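Residue-level listing of the chains:
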Amino acid sequence: MLSQQIVNGIMIGSVYALTAMGATLIYGILRILDIANAGAYAVGAYAGWYMYSVTENILLAFVFAMLFTGIIGVLVQKFIYFPIISKPNVIAIVPLITSVGLFTLTGDMLRLIFGPNVKNMNMTFKINAVEIGNVRISAEWIFIVLLTATLFFVLWFILNKTKLGLAWRATAADTEIAKTMGVNVHISMALSYVLGYGFAAAAGTMVGVLYNSIYPTMGDIPSYKMLAIIVLGGLGNPLGTVVAGIVIGLSETLVSAYFGSIMPRDVIAFVVLIIVLLVKPSGLVTRKNT
Amino acid sequence: ASEQPAEEPPAEEPQAEEPQAEEPPAEEEPKEPIRIGFFAPLTGPAAADGLSTSNSAELAVEIINESGGIDGRPVELVSYDDGLDTKQAVSIAQRLTTRDDVVAVVSGSYSGPTRVAAPIFQDAGIPMISGYAIHPDVTDSGDFIFSQSFPGQVQGKAGGVVAVDMLDAKRISIIAVDIDFGKTLAAAFKDYVVPKGAEIVSEDYFGMGDSEFAPIVTKLKDEIKPDLIYMANYYGHGAEIVRQLKSQGFDVQVLGTEGIDSYQFFEIAGEDAEGVMITTNMNRDSEDQATQEYIKTYTEKFGIVPDMVGASVYDAFQVLFKAIGEVGTDPELIRDTIKDLKGFKTVTGELIEYAPTREAIKPVQIQIIEDGAYHYYEEIDDLEIITPEPR
Amino acid sequence: MGELLRVEGLSKHFGGLKAINGLDLTLEEGETLGIIGPNGAGKTTLFNVICGVLKPTAGKVVLDGEEIQGLPSYKIAHRGVARTFQISKPLKDISIVDNVVASLGIHEYTGIRSLLRNSHKRETVDKALEILERTGLLEFKDKLAREVSLGYLRRLEIARALATNPRLIMLDEPCAGLSNFAINEVIDLVMQLKSEGKSIVLIEHNLPISMKVSDRITVLNYGQKIAEGIPEDIRNNPQVIEAYLGEDDDIA
Amino acid sequence: MLEIKEVDISYGEMSVIKKVSLEVKEGELVTVIGANGAGKTTLIKAIMGIKDITSGEILLDGVDISKLPPWKRPELGIGYVPEGRRVFPNLTVDENLRMGAYKVKDKVKARASIEKVYGMFPVLKERSTQLANTMSGGEQQMLAIGRALVLEPRILLIDEISMGLMPILVNTSFKIIKELNDAGITVLIVEQNANKVLKIAHRGYVLETGTIAIEDTAKHLMENDTVRKAYLGG
Amino acid sequence: MYLTVVSVNIGIFILLALSLNIITGYAGQPALGHAAFFGIGAYTSAILTTSYGMNFWLSIPFAFIMAGIMGGFLGLISIRMRDDFLAITSIGINFVVVAIFQYSDFFGGSLGISLKRPYFFGMKVTATGYLILIGLMILGTVLLILKMKRSWFGLALSSIRNDETAAASFGIDVNRYKVLAFTLGTAIAGMTGAVYAHHMTFIYSSDFAFIVSISILSMVVIGGIGTIRGPIFGAILLGAAPELFRFFADYRMIVYGGLLVFMMRFQSQGFLGYDSVLVRAFKKLFPGGLKKKEGEIIG
Ligand SMILES: Nc1ncnc2c1ncn2[C@@H]1O[C@H](COP(=O)(O)OP(=O)(O)OP(=O)(O)O)[C@@H](O)[C@H]1O
Ligand SMILES: Nc1ncnc2c1ncn2[C@@H]1O[C@H](COP(=O)(O)OP(=O)(O)OP(=O)(O)O)[C@@H](O)[C@H]1O
Ligand SMILES: [Mg+2]
Ligand SMILES: [Mg+2]
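**Q** Whenever I open this one, the overall build of chain A confuses me. Can you help?
**A** What chain A contains, in helices and strands, is eleven helices and two strands. Its helices and strands taken in sequence order, chain A reads α-α-α-α-β-β-α-α-α-α-α-α-α from the N to the C terminus. Computed over C-alpha atoms, the radius of gyration of chain A comes to 19 Å, within 12% of the 19 Å expected from 2.2 N^0.38 for 290 residues, which places it in the range of a compact globule. Overall size of chain A, expressed as C-alpha extent along the three principal axes, is 60 × 50 × 35 Å. A total of 290 residues make up chain A; the buried ones form 64% of that total. When the accessible surface of chain A is totalled, it reaches about 10,000 Å², and 70% of it is carbon and sulfur. One finds the centroid of the 16 positive side-chain charges in chain A at a distance of 9 Å from the centroid of its 10 negative side-chain charges.

Structure, rendered in structure tokens:
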């Protein structure tokens, strides 16, 4: 059973990492704890669901979800976040409250448009589950792990290997000076939101497929769990996010399998977080410096 | 569907159109409406249940008004959204009792809001019937407070009957949601099955928002190997559990509760739902005309199939209509009438009477899922089992 | 006059980098010690270690015969050591005068009891204004610290240090970013402090200033002392010239 | 090349630059000196586009750039050494320099410029992977200068080059500026160290509480009594 | 009656917002788990009055102390962690506290705790009674904060908020003051919790969930962080919102979310913050009217 549980844990962990990837990116670049990213996750799931129910094509559903939500992301950053963070002397809580407002807004908008009841994709993967010894991994899960790995790699590559990534980090450090170096902050931030919200949408759609249920409040739990994950991962660090997601997935699974119901599942993430941070206040993975 | 603003007066036309037998011709002024309060979580995490109940409330009022109201007086619904927040429930209760001039109230909400509102109605001397709140303290608030569903304790016991007496389960695993609903049901279930010689081989509790059950299912499949799983949880959880069972290839009898009595359970679980049994209060295969009529009109009007919470709230209204029809709008008389109500037909079966704790005594339905729908399996009407124990 | 401060075998390493490396120093009561040395020599790090912002890797800091290394910086401040920051650290969203008042309260921060004591008594505010006057900040007294120009923030550093009424003042490049006129004011101020018997440690790259006010100058390089002596000697020290001053002052 | 015409700038309701006009011709090295709080930094920020002007014009090659977003300016060849270093704190030294070369399209060329800067300030090369905020004050200043140079600008705006540098490096950096200028780069430099800057500058402006008080050749300024008293310490 | 009950609810939020403002507004520590301490107070009082038969009035100081002690622990954690790490850790603490309430039978577990209405000299305390009590508590808290703003304590918190290293350089024991700020702020929240529990007559773990913390913080920020009037105004606005917005029926959560976004977008200083449009207009109309008193710190 242990090996199966470890596999379960890693799988769940990849869902968490996937879910938190967009928020990690946005935090890494803009230092905004963007709770509304969980709203994008739900919006993305609905967009994916809509496309799938019209076309029955899952690939199209993914692309549409990411594009649609990414565009919303651009609008949101252009008309809301950007003006806010470019004001002088705004405190860090302001964007956070904004994102809470946005999150409330999107959740309820979804409820009004689509109703409070669950929607489903009823999509079955044609591929069979893989069995290795007595460990069983379903096709959906393999797909999730691949998706997480891909997004992680894309993000890692952009952040560390491209000029855009450098510009993002510089903008986070000092927007004013970044501008004078030639960074068009409108474009670079818009891009960060396209990706940040696009990733969230991919996660939302994927989770919608996985659990076969899409509903307006589906972002509620990710909204805070992803905060725990990005902080545990060392804030704004994609590798950290993957590691943290898996650590949390594993902890939850193993606790639930071997200790039963000693605490609510969602709390495990925070218990792990608090313990890790007390020992290592800068998170699991920190950027190397000399 | 509940775009209707909270206090919009109900449509008045039906009254004019319907030929009204016992009434003198239509020259008379329209009579003062009877106002009935209602609250439910229309926003927030429980919005789906809120919608079901408010649909039912609307439907109940519409139907009674179409048939000429009560005593010729139209019924007006004063409906509020509590957002599943106790603070709001308190203000709503205050508003209903001091401003809105309602003669009685139905709660379409969960235990928390219903529980905090109850003492306010009690103090104001206005009867409240809770549709489906399970918390035992709700009716403890006083003699004006009733519960339309059987208490968790009864349903848990009934689940026990199904598990050990009907299905002869020996090794049972419990998976329950960690709120009053799941805890109460699981406890009552245990209390019944353990003395009967069944063994509870595992108990797992999880949070309301949880959707990941692979670890539990793996554990049950590889290690515990129960011959029955008792699920005291809601449709989202239940559906995911049966899907996981299927995906991990674990074939075991699942017994659920009214929590998964919702069409949404099939929506999510699809074929994996087949064979699952539940304890609930509505018999979908009932020959009772009112029940079939309710299912039909509800489905036509709202485009979705009614569920247990909706049906319970609908019944709560039927009880109130009946009482008001008999004794008018005096709250104390209404209370007394409800208290003495016996053998009243509702869409969730016959309401035998209210227990001294003012919780409904009615048969428990056992339904089984076959061909993507709930069907009759058995009914438990043994009074020993369905009468709540005094507290 | 006795010894006020002694630094013994002090080291501070950042990973492999030895910012301070086995440094010995002494400061007599009432003395003004100039510290010069190339960029990155470890001067600011020395201040940070003495003031408790950083913990030393090895070695001792002795103030008044007591070892103080490793004490938290607020305790060191309580022992009469004040310092300015090379990169200004103003309290940005409060006014200039309140920046100084905050510093005047050094002995008032006694925990919950401080809740009962008014921070803006007449005397306190007057004292703050007097210090602002001395440091040429009076006209900005009601501005928020974030609204004044860099030069004035440099002066605010000094004002705040003075406000704690220290025995030992450690100035980290107080004249950087100041106009010539203001530099003279600062020199006057330092001379005045000297005459009041304060002990001073001064980091300053502007050598004429250092020479003018210091009784003694210590030269650091790579975290070590490479020379020490009276100003004239230092100026002519070939090592100092090579590593620090450069051969030729004329660039045009 | 750069021409500022009747520019007004204010913070909120407080006006800090009043009808300032100044000009830097192609290939010139011009300095602005002035007391603390005179408005020098504000003026430079306005040219760089990170402080809005209330009225007036800022012309580069005869074109008004005052409405241009700041990130278009490096494209026009404007390099900038900001006041107070403003290095990107949690980027490494090398990354800071790469940011300086952000607008250099050619990767090879960018690398070459960075290596050139490393040549000028060897300590930066030694520390190329150190995070900028852990560098000493003077080291950060070198980085700030280097970051502006990697762009190989046509015109360089410098807000206090000598701050926090050791004497030998003060000289070096003025020498670098002079050499760059000799090589044809136009320079506008704000500086407290009037003695040194006037030695290399062609012309200078004296800014007093937001207005230009004196404008003359560097040589004349050095001889000017008021300037001598107020800015040259003698 | 209805208005009274709504006012009590708002009053409770005012106290919560004012107390959070001590931690977040004055000391600058991002604390996103304030509801946990509200809950600790509520549960302390509830357990004392139900399981130990303690008098309600006596339970209030206990709630105050208990929440303060727990808040002090968070303060200790805040010494080790900065900024966003602290913010998220405080969210975590909120979740852990709620989980403890929910999972331990001692705290009523998933059934919550039902309480009896308390008496005041033999009279059942009514909504009006609670309103008076809350009013007095608000008054006390406001006076305390006024005092704080003019004291060395307030100046120490402002200094820490601005720059901890600088603050330490002139003798402020940063750690101690952080712990004190947390203790004071959370203790007031705890005291509020005691009243809340008895006013509601029923408490349940999720009454103190993270979302409540966020609402409290929104009140502080919407009103104007670091002022006294701000949190009060924010609490009134957002506290009354569920009632005011009933008019919008189904759209009210959208209106609520929209309001937050709109306010932050156009008035990030808060409605009555130091540089807000309203305050500036007021200053223009009545020069000297809102003049900063000597010694009022926050700028
Ligand atoms: N936190 C740190 N991590 C790594 N290196 C550091 C750190 N702090 C300082 N250093 C290095 O230690 C050396 C000494 O720095 P310090 O600030 O003491 O120099 P300094 O003598 O004050 O120089 P300057 O005259 O330029 O201000 C520098 O090379 C600097 O890069
Ligand atoms: N953010 C701000 N808000 C309000 N006023 C400001 C702000 N920044 C600068 N000022 C004011 O503008 C004036 C000019 O400031 P500026 O920084 O341009 O001066 P400077 O000449 O660069 O001085 P220094 O030599 O000290 O750097 C000063 O009086 C200052 O008080
Ligand atoms: Mg230094
Ligand atoms: Mg300047």
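Having seen the model, we can carry on.
**Q** Explain a nonpolar patch on the surface here, please?
**A** Residue and element names in this part refer to chain E. Among the surface-exposed residues, Phe-64, Ile-65, Met-66, Ile-69, Met-70, Phe-73 and Leu-76 lie close enough to one another that they form a single nonpolar patch of about 630 Å² accessible area. Take Ile-69: it is sitting in helix H3 (residues 56-80). By relative accessible area, Ile-69 is classed as partly exposed at 46%.

**Q** Even after reading the chapter, I still don't get the nonpolar core, so can you show me in this structure?
**A** Counting 379 residues, the largest nonpolar core has Ile172(B) and Phe265(B) as the members making the most contacts within it. The dominant element in this core, judged by the number of residues it contributes, is helix H1 (residues 2-26) of chain E, at 16 residues.

**Q** Can you walk me through the site of ligand 2 in this structure?
**A** Surveying the vicinity of ligand 2 reveals 21 residues, the closest of which are Ser149(C), Gly151(C), Thr41(D), Thr42(D) and Glu83(D). Mapping the residues near ligand 2 onto chains gives chains C and D. Gly39(D) places a main-chain nitrogen or oxygen 2.8 Å from an oxygen atom of ligand 2. In isolation ligand 2 has 630 Å² of accessible area, and contact with the protein removes 87% of it. Of all elements in the fold, only helix H5 (150-163) of chain C together with strand E2 (14-24) and helix H1 (40-48) of chain D reach the threshold of two or more residues within the shell around ligand 2. Take the shell around ligand 2: its biggest share by element is three residues, from H1(D).

**Q** What's the story with the interface of chain A and chain E in this structure? I'm lost.
**A** Interface extent is often summarised as the accessible area lost during association of the parts. Chain A puts 46 residues into the contact, and the matching count from chain E is 36 residues. Taken together, the links from chain A to chain E amount to zero salt bridges. The interface formed by chain A and chain E holds six residue pairs in polar contact (both at pLDDT 80 or more) in total. If you list the elements that add at least two residues to the side of chain A that touches chain E, you get helix H3 (58-86), helix H4 (93-114), helix H9 (220-232) and helix H11 (265-279) of chain A. Of the residues forming the side of chain A that touches chain E, the biggest block, 14 residues, is contributed by H4(A). Of the residues that constitute the side of chain A that touches chain E, the class distribution is 35 nonpolar, seven polar and four charged.

**Q** How should unusual backbone geometry be read in this particular structure?
**A** With the exception of glycine, the majority of residues adopt a negative phi angle, and the majority of peptide bonds are in the trans configuration. Residue and element names in this part refer to chain B. Backbone geometry places Asp-101, a non-glycine residue, at a positive phi of 60°. Of note, Asp-101 is situated in the loop between helix H3 (86-98) and strand E3 (104-107). For Asp-101, a relative accessible area of 59% corresponds to the exposed category.

**Q** Looking at this structure, how should I read the interface of chain B and chain A?
**A** Taken together, the contact between chain B and chain A spans 30 residues of the former and 27 residues of the latter. Taken together, both faces of the contact between chain B and chain A bury some 2,500 Å²; the carbon and sulfur share is 49%. It is Glu212(B), Pro215(B) and Glu267(B) that lose the most area in chain B upon contact with chain A, and together they represent 21% of the buried surface on that side. A salt bridge links Asp210(B) to Arg265(A), with the shortest nitrogen-to-oxygen separation between them at 3.6 Å. Taken together, chain B and chain A are joined by ten residue pairs in polar contact (both at pLDDT 80 or more). Of the residues forming the side of chain B that touches chain A, the biggest block, seven residues, is contributed by helix H8 (residues 214-224) of chain B. When grouped by side-chain class, the residues that make up the side of chain B that touches chain A number twelve nonpolar, eight polar and ten charged.

**Q** Please explain the sheet that holds strand E3 (residues 32-36) of chain C as it appears in this structure.
**A** Each strand in a sheet pairs with its neighbour through backbone hydrogen bonds, running either in the same direction (parallel) or in the opposite one (antiparallel). All names here are of chain C. Taking strand neighbours across the sheet as the criterion, the six strands line up as E6-E7-E8-E3-E9-E10 in an open arrangement whose pairing is mixed. Both outer strands of the open sheet, strand E6 (81-83) and strand E10 (224-229), are each paired with one neighbouring strand and no more. Each adjacent strand pair in this sheet contributes to an overall mean axis angle of 20°, direction not counted. Here E6 pairs with strand E7 (residues 168-172) via three bridges, running parallel. Paired with Val-81 across the strands is Leu-168, a residue of E7. Contacts from helix H1 (residues 43-50) reach E3, E6, E7, strand E8 (199-203) and strand E9 (216-221) within the one sheet, and its direction differs from that of E7 by about 145°.

**Q** Even after reading the chapter, I still don't get the coordination of the magnesium ion (ligand 3), so can you show me in this structure?
**A** When a metal holds four donors in a tetrahedron, each ideal angle between them is 109.5 degrees; when it holds six in an octahedron, the ideal angles are 90 or 180 degrees. Surrounding the magnesium ion (ligand 3) are the protein donor atoms Thr44(C) (OG1) and Gln86(C) (OE1), at 1.9 to 2.2 Å. With Thr44(C) in helix H1 and Gln86(C) in the loop between E6 and helix H3 (96-104), this pair connects stretches of sequence that are 42 residues apart.

**Q** Please clarify how the environment of Ile234(C) should be interpreted in this entry.
**A** All names here are of chain C. Within the secondary structure, Ile-234 sits in helix H8 (residues 231-236). Classification of Ile-234 as buried rests on a relative accessible area of 3%. When the C-alpha atoms of Ile-234 and Ser-199 are compared, they prove to be 21 Å apart, with 35 residues separating the residues in sequence. In contact with Ile-234, other than residues within four places in its own chain, are Ile-36, Ile-217, Val-219, Ala-227, Glu-228, Gly-229 and Val-240.

**Q** What's the story with the coordination of the magnesium ion (ligand 4) in this structure? I'm lost.
**A** Residues and elements named next belong to chain D. For the magnesium ion (ligand 4), every protein donor is listed as Thr-41 (OG1) and Glu-83 (OE), and the spread of their distances is 1.9 to 2.0 Å. Residue Thr-41 is located in helix H1, and its partner Glu-83 is located in the loop between strand E6 (78-81) and helix H2 (93-100); the two are separated by 42 residues in the primary sequence. Comparing Thr-41 with Glu-83, the two get one shared label, buried.

**Q** Explain the sheet that holds E2(D) here, please?
**A** Residue and element names in this part refer to chain D. What the four strands build is an open sheet, ordered E2-E1-E4-E5; its pairing is antiparallel. At either end of the open sheet lies a strand with only one pairing partner, and these are E2 and strand E5 (63-64). Inspection of the sheet shows strand E4 (residues 55-60) paired to E5 by two bridges, in the antiparallel sense. Note on E5: the bridge partner recorded for Leu-59 is Asp-64. Contacts from H1 reach strand E1 (2-11), E2 and E4, with the element oriented near 115° to E1.

**Q** When you look at the site of ligand 1 in this model, what are you seeing that I'm missing?
**A** If you check the shell around ligand 1, you find 21 residues, and the closest are Thr44(C), Thr45(C), Ser136(D), Gly138(D) and Glu139(D). Residue neighbours of ligand 1 fall on chains C and D, so the site bridges chains. Within the side chain of Thr44(C), a nitrogen or oxygen atom sits 2.6 Å from an oxygen atom of ligand 1. Starting from 630 Å² of accessible surface for ligand 1 in isolation, the protein chains cover 90%.

**Q** It is not clear to me how the pattern of salt bridges should be interpreted in this structure. Could you clarify?
**A** Pairs can form between side chains of opposite charge whenever their charged atoms are close. Tallied over the full model, the rule gives 59 salt bridges over all chains. Notably, a salt bridge pairs Glu185(C) with Arg155(C), separated by 3.7 Å at the nearest N-O pair. Within this pair, whereas Glu185(C) is found in helix H6 (residues 180-195), its partner Arg155(C) is found in helix H5, the two being separated by 30 residues in sequence. For Glu185(C), a relative accessible area of 31% corresponds to the partly exposed category. Of the charged contacts, one joins Lys116(D) and Glu152(D) as a salt bridge, the two residues approaching to 3.4 Å between their closest N and O atoms.

So, how was this worked out
- Residues numbered from 1 in each chain as written.
- Chains lettered and ligands numbered in written order.
- Predicted model: local features only at pLDDT ≥ 70, side-chain atom pairs only at ≥ 80, totals over all residues.
- Heavy atoms only, no water.
- Helix = DSSP H or I, 4+ residues; strand = E, 2+ residues; numbered from the N terminus.
- Rg over C-alpha atoms; globule rule 2.2 N^0.38 Å.
- Buried < 20%, exposed > 50% of the residue type's maximum accessible area, 1.4 Å probe, protein only.
- Areas by Shrake-Rupley, 256 points an atom, 1.4 Å probe, with all protein chains shown as cover.
- Lys, Arg positive; Asp, Glu negative; His and termini not counted.
- Charge placed at Lys NZ, Arg CZ, Asp CG, Glu CD.
- Patch = residues over 30% accessible without salt bridge, like charges linked within 9 Å, V, L, I, M, F, W, Y side chains within 5 Å.
- Salt bridge = Lys/Arg side-chain N within 4 Å of Asp/Glu carboxyl O.
- Core = buried A, V, L, I, M, F, W, Y, C linked by side-chain atoms within 4.5 Å.
- Near = heavy atom within 4 Å.
- Polar contact = N/O pair within 3.5 Å; in protein donor to acceptor, adjacent residues only side chain to side chain.
- Contact = heavy atoms within 4.5 Å.
- Nonpolar A, V, L, I, M, F, W, Y, C, P; charged D, E, K, R; others polar.
- Buried area = accessible area lost by both parts, 1.4 Å probe.
- Pairing = 2+ DSSP bridges.
- Axes fitted to C-alpha atoms, helices over the stretch in contact; angles between N-to-C directions.
- Donors = N, O, S within 2.8 Å, 3.2 Å for Na, K, Ca; no water.

Remember that the coordinates give geometry; whether it matters functionally is a separate question.
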